[in-house]
Amino acid sequence: MSVLGFDIGNENCVIGVVKQRGIDVLLNDESNRETPAVVSFGEKQRFLGAAGAASATMNPKSTISQVKRLIGRKFRDPSVQQDLRSFPFQTSEGPDGGILIHLQYLGETHTFTPVQILAMLLAHLKQIAEKNLEAAVSDCVIGIPCYFTDLQRRDFLHAAEIAGLKPLRLMHDCTATALGYGIYKTDFPKSGPSHVVFVDIGQCDTQVAVASFEPGHMKILSHAFDSNLGGRDFDEVLFRYFASQFTEKYNIDVYSNTRASIRLRQACEKLKKVLSANPEAPLTIECLMDEKDVKGFIKREDFEKLSSDLLERIRIPCRKALEDSGLTVDKIHVVELVGSGSRIPSIARVLASLFGREPSRTVNASECVARGCALQCAMLSPVFRVREYEVCVFVQDALPFSIGFLSNEGPISTPSNGVLYPRGHPFPSLKILTLHRHSTFHLEAFYANLNELPPGTSPKISSFTIGPFQVSHPEIVKIKVKVQLNLHGIVTVESARLIENHRYDSRGSAHVTSDKMEIDNHTSSDVANDVEDSHSAVSSAADETKTGKAIRRQDLPVTENVYGGMTKEELSQAQEKELQLVQQDIKVEQTKDKKNLLESYVYETRNKLLNTYRSFASELEKEGISRNLQQTEEWLYEDGVDESEKVYTEKLEDLKKLVDPIENRYKDEESRVEATRGLFNRIVEYRMAVGSLPATERDAVISECNKAEQWLREKTQQQDSLPKNTDPILWSSEIKRKGDALDAMCKHIMRSKVSAPRPEDSMESDHRNKQDDMRAD
């Protein structure tokens, strides 16, 4: 069993796997460590990963990339609308306000949600892992941005479920990087904690985390982010610069041509990498648009001037993370810079001026998240044994948003901060609410501070209905509700329990307690259980005797409604749809294999007719087969370009009916020589073995050998007189049958003689048996 860590980037994906004594990154079919996060639909099948990226320019309107930007988002969100304008595929608003993606497939317009597209990508990564490891995989940890909302986290879990994966945890990208950084670093000082700032500049976002390290211990102090600042924004600066140049110089509008826009963006991305190592770089694209070749040139200093606003924005989340951590710049020991967009030299200069030290690059910028996720998966899985870290397997993280709870009787909050889970609260965590209710009631989870959220995010998370239930004394019923902030960073009501408490006086009347609310906190690296509830059943009888209490406990039903989330029915339909798509892909691949097999057979047979089979086919057969091969080849490139698997199979079988007789003659010639040699060797062996046999048996064996030898010589002489291009009268199989018959006959004769016991042997055997019986007694 293997455990995996997935880094699902906006542009590329990385798969980390835990092996003995280390973590490795798996290669895809193209032997690359990164797999493009692209899903492309052809006419009859899907192209995923590298294959999808290869077909993007040929089929742009049915190619989906950057799906991570669309997960759990609303169609009318301004930032979503800005992204959609740069995407070539068609989208619309769903019934719940979400995003629907429309594309052509199998001659029809199909509609998919971003969750389904992400599930396709995850299934492809799972397939790559299983091919590399030669074993089924399911357990994994998936890296996500820290700014993901509750709905986005749930959508990631649903996509993984559709893909057949079992996520043990959704882990923040910077937390995964910090885990991989801390567990392998052995030189932390023992005098006090070391504070490290992790700056992850990805393709579409920037995330910053401040972590505290001590030997064997890690704690995330704060998270900050800019969800709309990444490497692609620097690419866009170059894109706009060259698009403007080409309009003036070549009189072409790149924005009006989807394919030209894609090619220019790809070229700008490569140019940005060149500028990271060189002071200047040229740009050349052949036939970009209107059959015009274009050329351009830019210096690094000009690029940095054009990007000055973006560089200044990087300071904002860094300052925010530092402020939330409660540290000052002089308390920071190391700044680690990672991410695919972090290689621009001016970014390192900005961070150096902000933190007063040069940023380090001691971890792999592209693979650190996948490696950290794989390590966390190993810690959570019972299969692997990992060096103890944080004393337990849960690596505590910090909540990026404040979460409040509201009941139908008012807000549920602590007096100090007004929210149930404040920003920066460690998770996983469990809180036990004690409420006084007498009938079905509702709870609602919401984000308490909109300023903490990415722009356009709805404050609503989910609602919970607890009940129905019946009570005999409404005024004294207590409800204990377990509210969990789980490993994934998702808030949910784990359970609810009714506790009805009766206290009787001498007249049998009940004392009424006033309604109140309590909050019991259980926040640790391991999610706590309700100790009071687990022990109350044992002690209830004693309590009733001593205090006159009658306690009734009852588990209450909890119904959850996630705003904008998938229902069980929708999830089931998505799984069924994915299965159909997989079967269609398999069908198309099998058809391609049959077509390739037929094509290969045509070329191989034509070559063999001129060489290997030349002596074994008559001129008439050669002409007939050559004519059929030529007709099949022409059909393959004309009418047979797009046929079914059955048609290709039938064509191949028809050709084999013509070629098999010639192939059988060729193969049987060598087999016939071996079979002849084998039969002669048997004859010689039997003639040598009959020396000790009585005359009658010896003569019988020799007679059989003579008959077999005479038969073989006569048949061989007749066969040698025939040309090779005719069917043999003596097949190797016939010689083998003759040899088997000789074996059976000779062994039967020799066995019957050997098995006949002599009288003196029988007497000696009886004597031994009597001695054995006496010794046994």
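Because the structure is a prediction, the values reported are computed rather than measured.

Peer 1: Would you explain the overall build of the protein in this entry?
Peer 2: Tallying secondary structure elements over the protein gives 19 helices and 30 strands in all. Put simply, the protein has 777 residues, and 47% of those count as buried. Excluding contacts between residues fewer than 6 apart, the proportion of contacts in the protein whose partners are at least 24 apart in sequence is 70%. By element, 49% of the accessible surface of the protein is carried by carbon and sulfur atoms, the whole surface being about 38800 Å².

Peer 1: Got a minute to help me understand the sheet that holds strand β8 (residues 90-93) in this structure?
Peer 2: Strand pairing within a sheet occurs via backbone hydrogen bonds; the two strands may be parallel or antiparallel. Pairing is antiparallel across the open sheet formed by three strands, whose spatial order is β8-β9-β10. Each edge of the open sheet is held by one strand with a lone partner, namely β8 and β10 (108-112). Between one strand and the next, the sheet's axes are offset by a mean angle of 35°, whatever the strand orientation. Sitting on the sheet, helix α3 (residues 114-133) touches β9 (99-105) and β10, and the angle it makes with β10 is about 90°.

Peer 1: Any chance you could explain the sheet that holds strand β5 (residues 38-41) here in plain terms?
Peer 2: Read across the open sheet, the three strands follow the order β6-β5-β7; overall the sheet is antiparallel. Each edge of the sheet is formed by a strand with only one pairing partner; in this case those strands are β6 (46-48) and β7 (63-65). Shown here is a sheet whose adjacent strand axes are inclined to one another by a mean of 15°, direction ignored. The sheet strands contacting α3 are β5, β6 and β7, and the helix crosses β5 at an angle near 105°.

Peer 1: Honestly, a positive patch on the surface in this entry has me stumped. Any pointers?
Peer 2: On the surface, Lys270, Lys273, Arg343 and Arg361 cluster together into a patch of positive charge. With respect to the secondary-structure elements, lysine 273 resides in helix α7 (residues 258-277). In this structure lysine 273 comes out as exposed when scored by relative accessible area, which is 55%.

Peer 1: Honestly, the packing of aromatic side chains in this entry has me stumped. Any pointers?
Peer 2: To describe a pair of aromatic rings, you give the distance between the ring centres and the angle between the ring planes. Enumeration over the complete set of coordinates arrives at 20 aromatic pairs. Ring centres of phenylalanine 239 and tyrosine 255 lie 5.4 Å apart, and the angle between their planes is 90°; on these two criteria the pair is classed as edge-to-face. One end of the pair, phenylalanine 239, is in helix α6 (residues 231-250); the other, tyrosine 255, is in the loop between α6 and α7, and 16 residues separate them in sequence. We note lysine 460 situated over the ring of tyrosine 563; from NZ or CZ to the ring centre the distance is 5.4 Å.

Peer 1: Please clarify how the pattern of salt bridges should be interpreted in this entry.
Peer 2: Where charged atoms from two side chains of opposite charge approach closely, those side chains can pair. Scanning all chains against the criterion turns up 34 salt bridges. The salt bridge involving aspartate 235 is made with lysine 272; its shortest N-O contact spans 3.0 Å. You can see aspartate 235 sitting in helix α6 and its partner lysine 272 sitting in helix α7, a full 37 residues away along the chain. With relative accessibility at 9%, the residue aspartate 235 sits in the buried group. In this structure, lysine 320 and aspartate 324 form a salt bridge, with 3.6 Å as the shortest nitrogen-oxygen distance. Pair noted here: lysine 320 and aspartate 324 are both in helix α10 (residues 315-325), with a separation of four residues, about one helical turn.

Peer 1: How should the nonpolar core be read in this particular structure?
Peer 2: Most often, soluble globular proteins keep nonpolar side chains buried together rather than apart. Counting residues in each nonpolar core, the largest one holds 84 residues, and the members touching the most others are Ile8 and Val481. With residues up to four places along the chain from it excluded, the contact list for valine 481 reads Lys431, Ile432, Leu433, Leu435, Phe441, Leu443, Ile466, Val493, Ser495 and Ala496.

Peer 1: So what exactly am I meant to see when it comes to empty space enclosed by the protein here?
Peer 2: Summary: where empty space remains is shown by rolling a probe the size of a single water molecule over the atoms. Evaluated as defined, the whole model comprises one cavity of 30 Å³ or more. Taken as a whole, the largest cavity holds about 50 Å³ of empty space. Together, Phe148, Thr149, Asp150, Arg153, Leu399, Pro400, Phe401, Ile403, Tyr447 and Gly489 line the largest cavity. Residue composition of the lining of the largest cavity, by class: six nonpolar, two polar and two charged.

Peer 1: Mind showing me how you'd approach the packing of α6 against α7 here?
Peer 2: How two helices pack is summed up by the angle between their axes together with the distance between the axes. Between α6 and α7, the shortest axis-to-axis distance is 9 Å and the interhelical angle comes to 120°. You can see that α6 and α7 cross each other, and the crossing is right-handed. Between α6 and α7, the contacting residues are Gly231, Phe234, Asp235, Glu236, Leu238, Phe239, Phe242, Ala243 and Phe246 on the first element and Ser261, Leu264, Arg265, Cys268, Glu269, Leu271 and Lys272 on the second. Class assignment for the residues of the contact of α6 with α7 results in nine nonpolar, two polar and five charged.

Peer 1: How should I be thinking about a negative patch on the surface in this particular structure?
Peer 2: On the surface, a cluster of negative charge is contributed by Glu634, Glu638, Asp639 and Glu643. By the secondary structure assignment, glutamate 634 is in helix α15 (residues 619-636).

Peer 1: What exactly am I supposed to notice about the pairing of strand β18 (residues 334-338) here?
Peer 2: Here is the key point about a regular strand: its side chains alternate between the two faces of the sheet. By the criterion of burial, β18 is predominantly enclosed, with four of the five residues buried. As paired elements, strand β13 (residues 194-201) and β18 share five bridges and run parallel to each other. Within the sheet, the bridge partner assigned to phenylalanine 198 lies in β18 and is glutamate 336.

Peer 1: Mind showing me how you'd approach α3 here?
Peer 2: An α-helical turn contains 3.6 residues, so any two residues separated by three or four positions project in the same direction. Helix length check: α3 (20 residues) gives 29 Å between terminal C-alpha atoms against 28 Å at 1.5 Å per residue, within 8%. α3 sits mainly inside the fold: 14 of its 20 residues count as buried.

Peer 1: Just to check I follow, could you spell out the side chain of serine 40 for this structure?
Peer 2: Here serine 40 shows up in strand β5. The exposure class of serine 40 is buried, given its relative accessible area of 0%. Within polar-contact distance, the side chain of serine 40 engages the side chain of threonine 63 at 2.9 Å. The residues touching serine 40, leaving out its near neighbours within four places in the chain, are Gln45, Arg46, Phe47, Gly52, Ser55, Asn59, Ser62 and Thr63.

What counts as what
- Throughout, residues of each chain are indexed from 1 in the direction in which the sequence is written.
- The predicted origin of the model limits local features to residues at a pLDDT of at least 70 and limits the giving and counting of side-chain atom pairs to 80 or more, whereas totals for whole chains, interfaces and linings rest on all residues.
- Remark: hydrogens and water are excluded; side-chain values derive from all non-hydrogen atoms of the structure.
- A run of DSSP states H or I qualifies as a helix once it reaches four residues; a run of E qualifies as a strand once it reaches two. Both are numbered from the N-terminal end.
- Remark: exposure states derive from per-residue accessible area (1.4 Å probe, protein chains only) relative to the maximum for the residue type, with buried under 20%, exposed over 50%, and partly exposed in between.
- Should any heavy atoms of two residues lie within 4.5 Å, those residues are considered in contact.
- Where accessible areas are quoted, they stem from the Shrake-Rupley method and a 1.4 Å probe; at the residue level, only the protein chains shown are allowed to cover.
- Note on pairing: two strands pair once DSSP finds at least 2 bridges between them.
- For every element, the axis is a line fit to its C-alpha atoms; helices are fit only across the contacting stretch, and the angle between N-to-C directions ranges from 0 to 180 degrees.
- Patches draw on residues past 30% relative accessible area with no salt bridge. Two like charges within 9 Å are joined, as are two nonpolar side chains (Val, Leu, Ile, Met, Phe, Trp, Tyr) within 5 Å.
- Salt bridges are identified by distance alone: a Lys or Arg side-chain nitrogen within 4 Å of an Asp or Glu carboxyl oxygen.
- We count Lys and Arg on the positive side and Asp and Glu on the negative side, and we leave His and both chain ends out.
- Working definition for charges: the position is that of NZ of Lys, CZ of Arg, CG of Asp or CD of Glu.
- Note on aromatic contacts: the rings of Phe and Tyr and the six-membered ring of Trp form a pair at centre separations within 6.5 Å, being stacked when their planes are under 30 degrees apart, edge-to-face when over 60 apart, and tilted otherwise.
- By definition, being over a ring means that NZ of Lys or CZ of Arg is both within 6 Å of the ring centre and within 35 degrees of the ring normal.
- Only buried Ala, Val, Leu, Ile, Met, Phe, Trp, Tyr and Cys residues count toward a nonpolar core, and they belong to the same one when joined by side-chain atoms within 4.5 Å.
- Here a cavity means grid points, on a 1 Å grid over the protein atoms only, where a 1.4 Å probe fits yet cannot get out; a pocket means an open set of points with protein on both sides within 12 Å along at least five of seven lines; lining residues are those with an atom within 4 Å of a point.
- Grid points are joined across faces, edges and corners, and a volume is the space filled by probe spheres set on the points.
- Charged means Asp, Glu, Lys or Arg here, nonpolar means Ala, Val, Leu, Ile, Met, Phe, Trp, Tyr, Cys or Pro, and polar covers whatever is left, Gly included.
- We call a crossing left-handed when the near helix sits turned anticlockwise from the far one by less than a right angle, and right-handed when that turn is clockwise.
- Residue count minus one, scaled by 1.5 Å, sets the expected span of a helix.
- Here a polar contact is recorded for every N or O atom pair within 3.5 Å, except that within protein the pair must consist of a potential hydrogen donor and a potential acceptor, and residues adjacent in sequence are included only if both atoms are side-chain atoms.

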